[in-house]
Amino acid sequence: MRRVIALLLVQSLVLPLAIAQQQTPPETRPRRTQPAWTPPSATTPIISSPTLTTLTGPEPRIRVALTTDARSAVISTTGHLMNASGGGTTLLALDTSRVRVDPRLLSPRASTEDGGFRVLVGGAATRDEAEENEKEIQKITGEDAHAAYDTETKTWGMFVGGKLSREEAEELRARLETAGIDATVERQEPRPIAQKPEPANNSPVRLTARPALPSREVVASSGAGRIFSSSAPVAFASDDEKNAPVRFNDRPYRGRIEVFTNLRGNLTVVNELGLEDYVKGVVANELSPGGYPAIEAQKAQAIAARTYALKNRGQFMSQGFDILPTTRSQVYRGLTSENALSTKAVDETRGVIATYQGEPINALYTSTCGGRTEHSENIFNDAIPYLRGRECAAEGVTFDRFVIKTTREPAELRNDDNVPLARDISLLLTQNFSTLHERVTDSWLAADATVSEVRNWLANVARVARQTTPATGDDVNRPPGFATALSAAVFGESKASTLLNNADADYLLAVKDGAEVPAQHRADVAMLLRDGYLTVYPDATLRPRAPLSRARVLHAISRILEGRNLLQLQKANARPTSDGQLILRSSKGKDQPIRVNPDAFLFRHLGERPYAVSSVALVGGEPVTYHLAANGQIDFLEVKPAPNGAAADRFSPFANWTRGLSVAQVQARLSRAARGIGQIVDLRVVSRGSSHRVTDLEIIGTNGTAHVRGGRIRSALGLREQLFVIDREYDESGRVTQFIFIGRGWGHGVGMCQVGAYGLAKQGWTTEQILKAYYSGIELTRMY
């Protein structure tokens, strides 16, 4: 114990925590590395890639702030807990494997004349909405939030946190904006804003600054009582990091855990570890290996995460750490979040970073770019040469590996009404219907169906439906006789005569010549009309005495068999592959490789109509309908376009989205930007960037206009992205009541598209190709 106390006394002299407050102006762009990066000396490249430069140097270590607002911290291990304070190689064993660390009051800190800073969040039209937002903000930040009413804009907002330094306020604002919440920093001075006014008394109340926080030290204790205390940082490690890593609040982490008090009097808990171990805890959280299991995409994410960490190391130096574990920096969740595939990606790219003109790039990345990335200056103000807007697709690469072809020639139909008949006849041919022509023509379809043809087709219907072939008369090719025979072939009896009475039949046959249908057939004809299997002519007649055309007979047969699920059609979604093999995912989420017959019937939907084609391209995500032949291969395949298109990020659930906001909601969210312009009456897109993202949004009010520009548009409106168009709903007087934002993507849209990287990897792209597609003019460099 004396050795521990002696060491801590040395620490208190050598390692005092001196955190200065930076008085820098607020920024809307990501912060970048403060210290300059000095590359190690160059050596000869040692790996096969001709574009990879290799440097020699040690692996950097990085300090990740696991929390900056803890009231207490529990540090433990399943092995032996060691005091690692001082940063040296000497570890002092503690007599416990579990320690609780708390801040303790020493003496009040002298208050300054500066009133400090606070963070203000707007965006609520009512008090109830503000209080809901208050709970959400407290959950996101861990800070106290207090609803407040702005007497000028007549909207509700809230103050988050208390008396903060400018740096602390800026960090809190950044956390809020990362979560999609627009926030501003202002000097904490009393102003006439009423805090939570009661309905009966809306008189303004001045907000008072809270007292200055006292200075503190950390106190470490166990179940046996107090172990030691220190005003300097205290670090903990395990004597067996591999098998018994150190834990913070029972979550294991590689490396060491350091604890110290911060300016708010709470605990900052820092995980100090090697850069490679840090990246292992990032990649699995930034690009889920379970959702996006492509090794080349995982490797691209590893290089981007490593480069970003190196470039931004020291960003929060004055607060005692390098980087945050949230989307403000990169999502890091420690050892338990690691995954075998993402760890493999980190190991295979060990030490590799992206550089531009010899310097590490600020490797920004976005979840889902919506098909295009954006120039950096349109979102973050600064034009960065390697952060240029790019198309998120395999430019210049064909989809031959995903193209399915057939040797069967499509039907040559010129009559628009007959186009759907090609599908009907193809389905019947998969059921081995005889006397059908494979390549039908308009004239053949328009001709009257003969009695022998209809009898033959009805016999096939009965076979498919597992019924007895119905007895038919010579009128089987006319609507009344055909309706009764078709019903018997499908159902085995006259279903309609049981379920429809005379009044029902008369009601459904209320067409010009409906009265001409004989009594014994009326119910059958009425039911087939009701269910859409029989159709009337353009002049709203049935023509019950005239023979049916082949087109009408075959269409009715195909529709009723499909409607009764007797054609054994299956539905699935196409999945992309890199080897040209068709993969179909069932409704149960199971992927199955499947072959297609060389002479399969192929159809592709354009709009709502299926068209016979000789080839069809698949990019993944297409809804398909198919039929399996006796050999287990597909003999009929119908493809609808993938709802998310062909962009590389189409696999994201946020590739397309829609969000509706009432005028009141927009007014509340844009309250600070729209100050002084009265009630909002409309929004107008003034300009768009290279990717068509909104870069200047004009707010039109009853008393004037205002603008929101750049990356603040997304956070101000609380939308996933600013790649959107605006639709509107109006009331009876023509005033806008709701804005409908129809958009694509999720994130800021600059740099590498994470889901797009996965899409390119699925198309066979390498890690280097992926990174150079999103970061213009870069090179890959191995640091160590």
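Can you walk me through the overall build of the protein in this structure?
Regarding its fold elements, the protein presents 19 helices and 38 strands. Counting contacts in the protein only where the partners sit at least 6 residues apart, residues at least 24 apart contribute 69% of the total.

Explain helix H14 (residues 519-530) to me, please; I cannot follow it from the model alone.
Owing to its 3.6 residues per turn, the α-helix aligns residues three or four sequence positions apart on the same side. With 12 residues, H14 extends 17 Å from end C-alpha to end C-alpha; this agrees with the ideal 16 Å at 1.5 Å per step. Of all 12 residues making up H14, 9 are buried, and the element is well covered by its neighbours. Among the residues of H14, His 521, Arg 522, Ala 523, Asp 524, Val 525, Ala 526, Met 527, Leu 528 and Leu 529 are the ones counted as buried. Check the buried side of H14 and you find it contacts helix H11 (479-491), helix H12 (495-499), helix H13 (502-508) and helix H15 (550-563). Looking one or two residues beyond H14, the residue adopting positive phi is Gly 532, at roughly 85°.

Would you mind showing me how to read helix H2 (residues 127-141) here?
The end-to-end C-alpha distance of H2, which contains 15 residues, comes to 21 Å, matching closely the 21 Å that a straight helix rising 1.5 Å per residue would cover. Among the residues of H2, those classed as buried are Ala 130, Glu 134, Ile 137 and Thr 141. All buried residues of H2 fall inside an arc of 75° around its axis, so they share one side. In this structure, H2 carries Asp 128, Lys 135 and Lys 139 as exposed residues pointing more than 90 degrees from its buried face.

Whenever I open this one, the sheet that holds strand E32 (residues 680-688) confuses me. Can you help?
Backbone-to-backbone hydrogen bonds join strands into a sheet, with any given pair of strands oriented parallel or antiparallel. The strand order E32-E33-E34 describes an open sheet built from 3 strands, whose pairing is antiparallel. Across the chains shown, the open sheet's two edge strands, defined by having one partner strand only, are E32 and strand E34 (704-709). Along the sheet, successive strands turn relative to each other by an average axial angle of 25°, direction set aside. Where E32 meets strand E33 (residues 694-701), 7 bridges bridge the pair, whose relative direction is antiparallel.

Sorry, what's going on with the environment of Ala 284 here?
Relative to the helices and strands, Ala 284 resides in helix H4 (residues 275-286). With 55 residues separating them along the chain, Ala 284 and Asn 339 place their C-alpha atoms 6.0 Å apart. Other than its neighbours up to four places away in sequence, Ala 284 contacts Pro 289, Ser 337, Glu 338, Asn 339 and Ser 342.

When you look at the packing of aromatic side chains in this model, what are you seeing that I'm missing?
For any pair of aromatic rings, geometry is given as the distance between the ring centres together with the angle between the planes. Counted by the stated rule, this structure contains 9 aromatic pairs. The interplanar angle of 40° and the centroid separation of 5.6 Å between the aromatic rings of Phe 603 and Phe 636 together place this pair among those described as tilted. Of this pair, Phe 603 sits in strand E26 (residues 596-606) while Phe 636 is found in strand E30 (residues 634-639), placing the two residues 33 residues apart along the sequence. Summarising the burial analysis for this pair, Phe 603 and Phe 636 share the class buried. An aromatic cluster of three or more residues is present, and its members are Tyr 253, Tyr 278 and Tyr 332. Positioned above the aromatic ring of Tyr 537 is the side chain of Arg 543, whose terminal nitrogen or guanidinium carbon lies 3.9 Å from the ring centre. Over the ring of Tyr 537 we find Arg 552; its NZ or CZ atom is 3.7 Å from the centre of that ring.

I keep staring at the pattern of salt bridges and nothing clicks. Help me out?
Where charged atoms from two side chains of opposite charge approach closely, those side chains can pair. Counted according to the given criterion, the structure contains 35 salt bridges. In this structure, the salt-bridge partner of Arg 63 is Glu 258, at a minimum N-O distance of 2.6 Å. A residue pair is termed long-range when its members are at least 10 positions apart, and Arg 63 in strand E3 (residues 61-70) and Glu 258 in strand E17 (residues 256-261) qualify at 195 residues. With respect to class, Arg 63 is no different from Glu 258; both count as buried. Through salt bridges with shared partners, one network takes in Arg 254, Asp 277, Lys 280, Glu 338 and Asp 347.

What's the story with the packing of helix H5 (residues 295-312) against helix H18 (residues 754-762) in this structure? I'm lost.
Two numbers describe a pair of packed helices, the interaxial angle and the distance between the axes. Relative to each other, H5 and H18 sit at 145°, their axes nearing to 7 Å. The interaxial crossing formed by H5 with H18 has right-handed handedness. Judged by residue contacts, Glu 296, Ala 297 and Gln 301 of H5 engage Gln 754, Ala 757, Tyr 758 and Ala 761 from H18. Partitioned by chemical class, the residues of the contact of H5 with H18 number 4 nonpolar, 2 polar and 1 charged.

Would you take a moment to explain the sheet that holds strand E36 (residues 736-743) for this structure?
Across the sheet, 3 strands lie side by side as E31-E36-E35; this open sheet has antiparallel pairing. Looking at the sheet topology across the chains shown, the edges are occupied by strand E31 (657-662) and strand E35 (724-730). The sheet shows a mean angle of 20° between the axes of neighbouring strands, direction not considered. Both E31 and E36 contribute to a ladder of 6 bridges, which runs antiparallel. Looking at the pairing, Leu 661 lines up with Phe 739 of E36.

Which parts of the structure should I look at to understand the nonpolar core?
The biggest cluster of nonpolar side chains holds 79 residues, and the ones touching the most others in it are Ile 75, Phe 236, Tyr 278 and Tyr 775. Counting residues per element, this core draws most heavily on H5, which supplies 9 residues. In terms of nonpolar packing, the next biggest core, distinct from the first, is built from 54 residues, Leu 429, Val 490, Val 553 and Leu 567 among them.

What's the story with the confidence of the model for the protein in this structure? I'm lost.
It should be kept in mind that the predicted coordinates are not to be read in detail where pLDDT is low. Looking at the protein, pLDDT values average 84 and 83% of them are 70 or higher. Here residues 1-48 is modelled with pLDDT under 50, and outside its nearest four sequence neighbours on either side it reaches 94 contacts, counting other chains as well.

So what exactly am I meant to see when it comes to the side chain of Asn 477 here?
Residue position: Asn 477 is located in the loop between helix H10 (451-465) and H11. Within polar-contact distance, the side chain of Asn 477 engages the backbone oxygen of Ala 449 at 3.1 Å. Among all residues touching Asn 477, those that are not within four sequence positions of it are Ala 449, Thr 450, Val 451, Val 454, Ala 546, Pro 547 and Leu 548.

Honestly, the side chain of Arg 522 in this entry has me stumped. Any pointers?
Mapped onto the elements of the fold, Arg 522 is located in helix H14. Under the relative-accessibility criterion, Arg 522 is labelled buried at 15%. A distance of 3.2 Å separates a polar atom in the side chain of Arg 522 from the backbone oxygen of Val 517. The contact partners of Arg 522, leaving out residues within four places of it in the chain, are Ala 505, Asp 506, Leu 509, Gly 514, Ala 515 and Val 517.

Can you walk me through unusual backbone geometry in this structure?
Negative phi characterises most residues that are not glycine, and trans characterises most peptide bonds. Backbone geometry places Arg 466, a non-glycine residue, at a positive phi of 60°. Despite not being glycine, Gln 568 shows a phi value in the positive range, around 60°.

What's the story with the packing of H10 against H15 in this structure? I'm lost.
One can describe the packing of H10 onto H15 by two numbers: an axis separation of 11 Å at closest approach and a directional angle of 5°. When the axes of H10 and H15 are compared, the pair comes out roughly parallel. Here H10 contributes Glu 453, Val 454, Trp 457, Val 461 and Val 464 to the contact with H15, which in turn contributes Arg 550, Val 553, Leu 554, Ile 557 and Leu 561. Class assignment of the residues belonging to the contact of H10 with H15 gives a composition of 8 nonpolar, no polar and 2 charged.

Quick question: what am I supposed to make of the pairing of strand E29 (residues 623-628) here?
Two faces belong to every sheet, and in a regular strand the side chains alternate between them. Alignment of strand E23 (residues 570-575) against E29, held across 4 bridges, turns out to be antiparallel. By the bridge assignment for E29, Asn 573 is matched with Pro 623. In this sheet, E30 lies alongside E29 in antiparallel orientation, the contact comprising 5 bridges. Bridge pairing in E30 places Tyr 626 opposite Leu 637. Between E29 and E30, which pair antiparallel and follow one another directly, the connecting turn spans 5 residues, one of which, Gly 632, has a positive phi of 80°.

Parameters at a glance
- Residues numbered from 1 in each chain as written.
- Predicted model: local features only at pLDDT ≥ 70, side-chain atom pairs only at ≥ 80, totals over all residues.
- Heavy atoms only, no water.
- Helix = DSSP H or I, 4+ residues; strand = E, 2+ residues; numbered from the N terminus.
- Contact = heavy atoms within 4.5 Å.
- Expected span 1.5 Å × (residues − 1).
- Buried < 20%, exposed > 50% of the residue type's maximum accessible area, 1.4 Å probe, protein only.
- Arc of directions from axis to C-beta.
- Pairing = 2+ DSSP bridges.
- Axes fitted to C-alpha atoms, helices over the stretch in contact; angles between N-to-C directions.
- Phe/Tyr/Trp six-rings, centres within 6.5 Å; stacked < 30°, edge-to-face > 60°.
- Lys NZ or Arg CZ within 6 Å of the ring centre and 35° of its normal.
- Salt bridge = Lys/Arg side-chain N within 4 Å of Asp/Glu carboxyl O.
- Left-handed = near helix turned anticlockwise from the far one by under 90°.
- Nonpolar A, V, L, I, M, F, W, Y, C, P; charged D, E, K, R; others polar.
- Core = buried A, V, L, I, M, F, W, Y, C linked by side-chain atoms within 4.5 Å.
- pLDDT = per-residue confidence, 0-100.
- Polar contact = N/O pair within 3.5 Å; in protein donor to acceptor, adjacent residues only side chain to side chain.
- Parallel < 35°, antiparallel > 145°, perpendicular 65-115°, else oblique.

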